[in-house]
2 protein chains.
Amino acid sequence: MHNERELIRAIQARAARQGSAAGRLIKLAIGDDCALLRPPRGGELAITTDLTLEGVHFRHDWHPAESVGHRCLARGLSDLASMGARPEAAFLSIALPREFGGRWFNGFLDGWMRLAQAHGVALAGGDTAEAPRGRGGRRGIFAADVVLVGSVPAGKALRRAGARAGDILYVTGALGGAAAELRALAMKSTVNRKRDAEKHPHLYPEPRLKVGARLMRSRLATAAIDLSDGLSTDLTHVCEASNLYAIVEQEALPIAPGATLHEALHGGEDYELLFTARPQAKVPAKLSGVPVHAIGRMLTCVGRRRIPGSADCRIELRVEDGRRTPLPPGGWEHFRKKGKRGSGST
Amino acid sequence: MHNERELIRAIQARAARQGSAAGRLIKLAIGDDCALLRPPRGGELAITTDLTLEGVHFRHDWHPAESVGHRCLARGLSDLASMGARPEAAFLSIALPREFGGRWFNGFLDGWMRLAQAHGVALAGGDTAEAPRGRGGRRGIFAADVVLVGSVPAGKALRRAGARAGDILYVTGALGGAAAELRALAMKSTVNRKRDAEKHPHLYPEPRLKVGARLMRSRLATAAIDLSDGLSTDLTHVCEASNLYAIVEQEALPIAPGATLHEALHGGEDYELLFTARPQAKVPAKLSGVPVHAIGRMLTCVGRRRIPGSADCRIELRVEDGRRTPLPPGGWEHFRKKGKRGSGST
């Protein structure tokens, strides 16, 4: 299956089997120079691209093929969720090493298609190539770039900018679970890597599309982002985009079972949603079945002294005894020795 | 410049300098979870993705950085041209090896931005990562995935399917020039690699956007494709999509200066347009300043004997003395020993 034509045929066959439920907007899919999409009336299209590289975003010896396929798609779906967009079409470009046989690639497509079907996302196109060998004939590295196209009523997409001073800060689900599972994989502890065995926040994260759609429709949220790089980094993005500061209550954080506080604050890839809402807004305890927790609030920058620590720090963490400690993106100043930086991807 | 944040900033700064002429449909570009596009009324969006891999689509020692940037974008623009779509937005995902310094990446952006400005294409988003090192610490491989979004009036996009028996076959420009220049690069002959020095059909191809738009508006073309994989392969795609055969007149082929007949028939990446029109259609000798040549015609499959040669052969080449010889995709049966197969990318 390493001829490009065969690869494309394998993908086309799987896409065709997905059935007609998917692809509401797609007028022309795989097989011409471009795909054609007819946008809905009064709608905007939300478009996001995510690069997945072997050795950076997954490891061949840790991640089953199904998980790689699932995660490639989940990243883009989570970006759509954070804007309240409905997924419409996906494009998959892959560089496949010759050594990743048909069986691996079928596993990859299994993981992809299962998640795609759950959310009605049709595969509309892409590109394929054999991954080039390294010097000395070393095997090539798997790479995938995934494009997701979603639709959202014009002017209604949730954005990072839009939070106001006084807004309450919420997260869906639990934090740090993905980092905790990754730690277990890294320690080669006996992790059951099969999808159905148990919850797998790292191997098989669930993008919060229903929650995002509900937040968009209800106009509850003033700003939103998905937690792909970790709470400290993604909340900093919201603070920067909205030109605000934030205070997070350590006691209020919903920490995933088995996760540490550090993982909850800085571990990436939970793909939960972080959003803000006006203090008077009635945010239910669950949205579309997913628990929602208030974890802090947004503060104005005006007249406010800079948070001590690093220049880009816009968050303070309030710990149990009322003390506040700076929470810079990707690292925790209070426990600086343990902190790490710049491990995330955007 | 190898921190992801710096990379993104460099790209954003360049995109911002492009000015407001670009990005008619873009409501929100780089800096949120998704870009937002507001599609034109009564329009469809054409979307294409193209993967560019070092060692497969270019060589670091042959191609200047400007050429790599130009070619990454030109491939997608040519796909839009072949459907008659107007380019609206581009997304660039790159895996950059640490060894490709800021200077190389600036050259890449120079090549990209120059072509983008010429065609009013705004950079709306993308993703960045450092290319993972190979085993033994070997440097990573550059990879880019480029997404182009174009607009076209609903139902009016040119497609591969649509040619009818009796239609005349046309190509724009000249054929084989890109393969000839690549041969010169491979032979390390003294090729001036600077963009402005002379014509560079391989290093700096010109996507035929104006011609495509004109063909779409005028309804002259019954089918169209861009010549990315070579005449024999791309014409086979049109034949398959339209369920027809084709005859090509060798004498009518516009062969680029310095190119061989073999390069004109099978050399890829010319990014000219191949299209069909009804025999009574008045196709001018030039479209938007680009010469157009009739090179053959389309024939019905019904009752027609299979062209001898290989099973997937749908084209016959008529040579000077009136003899016909099968022209399978990517290889020339008549000179089988010289022919090569499967070198193209889709």
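Only a predicted model underlies this, so the values are computations on that prediction, with no experimental measurement involved.

## Quick notes on the overall build of chain A
For chain A, the count of helices and strands is seven helices and 14 strands. The 346 residues of chain A split such that 60% are buried. For chain A, the accessible area works out to roughly 14000 Å², and carbon and sulfur atoms hold 49% of it.

## Notes on the relation of the copies chain B and chain A
Between chain B and chain A, which share one sequence, the superposing operator has a rotation angle of 180° and an axial displacement of 0.0 Å; the RMSD is 0.0 Å. Look at the turn and shift together and you get a two-fold axis relating the two. A shared interface surface links the copies, since 100% of the contact residues of chain B are contact residues in chain A too.

## Some details on the interface of chain B and chain A
In this assembly, 64 residues from chain B lie in contact with 64 residues from chain A. Three residues, Asp33, Leu36 and Ile47 of chain B, lead the burial of chain B against chain A; their summed loss comes to 14% of the area buried on that side. Counting the contacts that link chain B with chain A gives eight salt bridges. Of the charged contacts, one joins Asp127 of chain A and Arg75 of chain B as a salt bridge, the two residues approaching to 3.6 Å between their closest N and O atoms. Take the side of chain B that touches chain A: its biggest share by element is ten residues, from strand E3 (residues 43-53) of chain B. Along the lines of polarity and charge, the residues of the side of chain B that touches chain A split into 29 nonpolar, 13 polar and 22 charged. Of the strand pairs in this sheet, strand E3 (residues 43-53) of chain A and strand E2 (residues 35-37) of chain B are connected by three bridges, and their pairing is antiparallel. Counterpart to Ala46 of chain A in the pairing with E2 of chain B is Leu36 of chain B.

## Brief notes about the side chain of Ser242 of chain B
Residues and elements named next belong to chain B. Tracing the backbone through its elements, the reader meets Ser242 in helix H6 (residues 231-242). A distance of 3.0 Å separates a polar side-chain atom of Ser242 from the backbone oxygen of Arg160. In this structure the side chain of Ser242 is engaged in a polar contact, spanning 3.2 Å, whose partner is the backbone nitrogen of Ala163. Beyond its immediate stretch of four places on either side in the chain, Ser242 contacts Arg160, Ala161, Gly162 and Ala163.

## As for the side chain of Asp33 of chain A
Looking at the secondary structure, you find Asp33 of chain A in the loop between strand E1 (26-28) and strand E2 (35-37). Relative accessible area serves as the criterion here: at 7%, Asp33 of chain A is assigned to the buried category. Among the polar contacts listed, one links the side chain of Asp33 of chain A to the side chain of Ser82 of chain B, at a separation of 2.8 Å. A polar contact is formed between the side chain of Asp33 of chain A and the side chain of Arg160 of chain B, at a distance of 2.9 Å. Once residues lying within four places of it in the same chain are set aside, the contact partners of Asp33 of chain A are Thr48, Asp79, Ser82, Met83, Arg160, Ala224, Ile225 and Asp226 of chain B.

## Regarding the packing of helix H2 (residues 65-83) of chain A against helix H3 (residues 102-118) of chain A
Residues and elements named next belong to chain A. For the pair H2 and H3, interaxial distance at closest approach is 6 Å and the crossing angle is 40°. Here H2 lies oblique to H3, going by the angle between them. Both H2 and H3 take part in a crossing whose hand is right-handed. Contact residues: Ala65, Glu66, Val68, Gly69, His70, Cys72, Leu73, Ala74 and Leu77 in H2; Trp104, Gly107, Phe108, Asp110, Gly111, Trp112, Leu115 and Ala116 in H3. Of the residues that constitute the contact of H2 with H3, the class distribution is eleven nonpolar, four polar and two charged.

## Quick word on a positive patch on the surface
A contiguous patch of positive charge, built from Arg135 and Arg138 of chain A together with Arg135 and Arg138 of chain B, is present on the exposed surface. Along the chain, the position of Arg135 of chain B falls in the loop between strand E5 (122-130) and strand E6 (143-153).

## Some details on the pattern of salt bridges
Throughout the structure, instances matching the rule amount to 34 salt bridges over all chains. Note that Glu99 of chain A is salt-bridged to Arg133 of chain A, the shortest N-O span being 2.7 Å. With a gap of 34 residues between them, Glu99 of chain A in the loop between strand E4 (86-96) and H3 and Arg133 of chain A in the loop between strand E5 (122-130) and strand E6 (143-153) connect regions that are remote in the sequence. Glu99 of chain A gets classed as partly exposed once you look at its relative accessible area, which sits at 40%. On the basis of relative accessible area, Arg133 of chain A is assigned to the partly exposed category, the value being 38%. The salt bridge involving Glu54 of chain B is made with Arg139 of chain B; its shortest N-O contact spans 2.6 Å.

## Brief notes about the nonpolar core
Grouped together as the largest cluster of nonpolar side chains are 56 residues, with contacts concentrated most on Phe108, Trp112, Phe142, Leu215 and Phe275 of chain B. Those residues in contact with Phe142 of chain B, other than ones at most four positions away along the chain, are Thr52, Leu53, Glu54, Phe58, Val68, Ile94, Ala95, Leu96, Pro97, Phe100, Trp104 and Phe108 of chain B. In this structure, Phe142, Leu148, Ala221 and Val292 of chain A belong to the second largest nonpolar core, which totals 55 residues.

## Structural notes on the sheet that holds E6 of chain A
Within a sheet, each strand pairs with its neighbour through backbone hydrogen bonds, oriented either parallel or antiparallel. A sheet is described by the order of its strands in space; here six strands give the open sequence E5(A)-E4(A)-E6(A)-E3(A)-E2(B)-E1(B), paired in mixed fashion. In this open sheet, the two strands that pair with only one neighbour each are E5 of chain A together with strand E1 (26-28) of chain B. Pairs of neighbouring strands in the sheet enclose a mean axial angle of 20°, with direction left out of account. Against the sheet, H2 of chain A contacts E3, E4 and E6 of chain A together with E1 and E2 of chain B, and its axis sits at roughly 145° relative to E3 of chain A.

Analysis parameters
Residues numbered from 1 in each chain as written. Chains lettered and ligands numbered in written order. Predicted model: local features only at pLDDT ≥ 70, side-chain atom pairs only at ≥ 80, totals over all residues. Heavy atoms only, no water. Helix = DSSP H or I, 4+ residues; strand = E, 2+ residues; numbered from the N terminus. Buried < 20%, exposed > 50% of the residue type's maximum accessible area, 1.4 Å probe, protein only. Areas by Shrake-Rupley, 256 points an atom, 1.4 Å probe, with all protein chains shown as cover. Least-squares fit on C-alpha atoms with pLDDT ≥ 70 in both. Contact = heavy atoms within 4.5 Å. Buried area = accessible area lost by both parts, 1.4 Å probe. Salt bridge = Lys/Arg side-chain N within 4 Å of Asp/Glu carboxyl O. Nonpolar A, V, L, I, M, F, W, Y, C, P; charged D, E, K, R; others polar. Pairing = 2+ DSSP bridges. Polar contact = N/O pair within 3.5 Å; in protein donor to acceptor, adjacent residues only side chain to side chain. Axes fitted to C-alpha atoms, helices over the stretch in contact; angles between N-to-C directions. Parallel < 35°, antiparallel > 145°, perpendicular 65-115°, else oblique. Left-handed = near helix turned anticlockwise from the far one by under 90°. Patch = residues over 30% accessible without salt bridge, like charges linked within 9 Å, V, L, I, M, F, W, Y side chains within 5 Å. Lys, Arg positive; Asp, Glu negative; His and termini not counted. Charge placed at Lys NZ, Arg CZ, Asp CG, Glu CD. Core = buried A, V, L, I, M, F, W, Y, C linked by side-chain atoms within 4.5 Å.

On their own, these measurements won't tell you what the molecule is for.
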